[in-house]
Structure formats: C-alpha cells, structure tokens
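Below, each chain spelled out in residue letters.
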Amino acid sequence: MAKLEFASVMKISTPQGEVVHVECNGTVVWSGETVNRVQLSIDTDGSIYNSSGFLEGYRLSSSGALKEQEGSVTTGFIPATNGCVIRMAGVSWPQSHSADYSYICIYDAAFNKIGHLNMNGASDNGSGYSWDDGKLSDGASSVSIDENGVVTFSLVPSGNAVFSYIRINAEGNGADMIVTINQEIK
C-alpha cells in the first residue's frame, strides 16, 4: 500500500465538498491553511489563555510557573502529544545564553508539568539545551532553527512519560508568534 504524503497538499476536494482539515484525536494532522495554535491556546479552565492566547512580559520557569521577563511572550496550553512536530515562528528562540530564558514545557492531561527543554547556557550535554529531570530524552529531543527562523521542536519523552499539552515562551511579541502542530509554517 502506498503512503499518502499530506505535507505539500494545499487542497482536498471530495464529492461532498472541500476538506479544510483532518483531525486525529482532537489534533489537526493536516490543514490547507496554517492553524496558529497560539490564538487557540487555553488556560486550565478551558478558556482562551489571557483572552488572546498569550501573555507578554512573562516567561516559564523550570517549575512551569510564570516569572516576569521583559521582552518575553508565553503561550497558554496547546494540545500536543508524543510524536507531534511542533514549529514556531515570528519570535526568536535564542541559540546561545542571553538575559532571556526560553522554555518549551510539556504537561499531562491534568495540566501538571512533566518536563521541559530550554536554552539556559548551563547544559552539560554539549547542545546548550537543558532537559528536565530525565522526562525528555536528551538523545532524541531536539530544537532546530532553519534559515527563515522557523524553530522545530522534537520532544521525545523518556520511559512511559506521555504529554497532552505544551507551553512555549520565546523572545518577541505575542501578536507575531505562530505555533503549529504537525504543520509546516509557510
């Protein structure tokens, strides 16, 4: 059986009409248009986080709590699961230690933080990134940044850890921030 690749498909038409996206377990796995998850990110009560999906002037900490940080923007909870490809654009993820700390945290279905990856300049794994408490595999998890500034996160939990949500903070403005799940940023 041939494998169907959706990465370059912009439109699907069926006799019933045009398909606008395909979902699997509540996660959009394909869409003809970029779905910015920042604007859809939620708070623990299910409402849109901070009415906009983001909060400026704050960053995440290693505990997952918010800390004031000028120039930083933090999303609410974005549904994502093991194996998702997470991409971010419109803001910067520092590639070296700076005054600002950037985090991507993973959470379980009850919004409990179970791990994080961040650039803190103090890592001993040679990559400059720090993984939390062995909950993310430092041999398989990664961050890459392409020539257009699109950041791609690959988060591989260790052992039996399973995540249901992510939160990201980066340097920049929330109105410019784009986060996608299993979708290219064009």
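Definitions and limits used
Counting of residues starts from 1 at the beginning of each chain's written sequence and follows it residue by residue. Thresholds applied to this predicted model are a pLDDT of at least 70 for local features of residues and 80 or more for the giving and counting of side-chain atom pairs; totals over whole chains, interfaces and linings are not thresholded and use all residues. Side-chain figures throughout are based on the complete set of non-hydrogen atoms in the structure, without hydrogens or water. Each nonpolar core is a collection of buried residues, namely Ala, Val, Leu, Ile, Met, Phe, Trp, Tyr and Cys, held together in the definition by side-chain atoms within 4.5 Å. Three exposure classes are used, based on accessible area relative to the maximum for each residue type with a 1.4 Å probe and protein chains only: buried under 20%, partly exposed in between, and exposed over 50%. The secondary structure listing takes helices from DSSP runs of H or I that are at least 4 residues long and strands from runs of E that are at least 2 residues long, numbered from the N terminus. By definition, residues are in contact when any of their heavy atoms lie within 4.5 Å. For every residue, the pLDDT score states the predictor's confidence, bounded by 0 at the bottom and 100 at the top. Whether two strands pair depends on DSSP finding at least two bridges between them. The axes are straight lines fitted to the C-alpha atoms, using for helices just the contacting stretch, and the angles between their N-to-C directions are given from 0 to 180°. Stacked, tilted and edge-to-face are the three classes assigned to paired rings of Phe, Tyr and Trp, where Trp is represented by its six-membered ring and a pair needs centres within 6.5 Å; plane angles under 30 degrees give stacked, over 60 edge-to-face, the rest tilted. For this document, the term salt bridge refers to a Lys or Arg side-chain nitrogen within 4 Å of an Asp or Glu carboxyl oxygen.

## Looking at the nonpolar core
The tendency in soluble globular proteins is for nonpolar side chains to be buried side by side.
So, point 1. In terms of nonpolar packing, the biggest core is built from 25 residues, with M88, F153, I166 and I168 touching the most fellow members.
So, point 2. Counting residues per element, the ones that place at least two in this core are β8 (86-89), β9 (102-107), β10 (113-119), β13 (151-154), β14 (165-171) and β15 (178-181).
So, point 3. No other element matches β14, which puts three residues into this core.
So, point 4. For F153, the contacting residues outside a window of four places in its chain are C84, V85, I86, M88, W93, I104, S142, V143 and I168.

## Observations regarding the confidence of the model for the protein chain
So, point 1. Counting all residues, the mean pLDDT for the protein chain is 80, and 75% of those residues have values of 70 or more.
So, point 2. Considering only residues more than four positions removed or in separate chains, one finds that residues 121-128, a stretch of pLDDT under 50, has 10 contacts.

## Considering the environment of I114
So, point 1. Of note, I114 is situated in strand β10.
So, point 2. With 47 residues separating them along the chain, I114 and A161 place their C-alpha atoms 7.9 Å apart.

## Regarding the sheet that holds β13
So, point 1. Ordered by their spatial adjacency, four strands build an open sheet running β12-β13-β8-β15, and the pairing between neighbours is antiparallel. A strand with exactly one partner marks an edge of an open sheet, and here the two such strands are β12 (142-145) and β15. On average, each strand axis in the sheet is inclined to that of its neighbour by 20 degrees, with strand direction left out of account.
So, point 2. The pairing of β8 with β15 spans four bridges and is antiparallel.

## Quick look at the packing of aromatic side chains
Note on aromatic pairs: each is described by the distance of the centres and the angle between the planes.
So, point 1. For the structure shown, the criterion picks out five aromatic pairs.
So, point 2. Judged by centre distance (4.8 Å) and plane angle (80 degrees), the rings of F77 and Y107 are edge-to-face. Here F77, found in the loop between β6 (66-75) and β7 (78-79), pairs with Y107, found in strand β9; they are 30 residues apart in sequence, far enough to count as distant. An identical accessibility class is assigned to F77 and Y107; each is buried.
So, point 3. Considering the side-chain rings of W93 and F153, the 4.9 Å spacing of their centres and the 80 degrees angle between planes classify their relative orientation as edge-to-face. Of this pair, W93 sits in the loop between β8 and β9 while F153 sits in strand β13, and the two are 60 residues apart along the sequence.

## Here's the deal with the pattern of salt bridges
So, point 1. This model, assessed by the stated rule, comprises one salt bridge.
So, point 2. Where E184 meets R87, a salt bridge forms, and the shortest distance between an N and an O atom there is 3.3 Å. Pair noted here: E184 is in the segment after β15 and R87 is in strand β8, with a separation of 97 residues, a long-range link.
So, point 3. With relative accessibility at 39%, the residue E184 sits in the partly exposed group.
So, point 4. For R87, a relative accessible area of 13% translates into the label buried.

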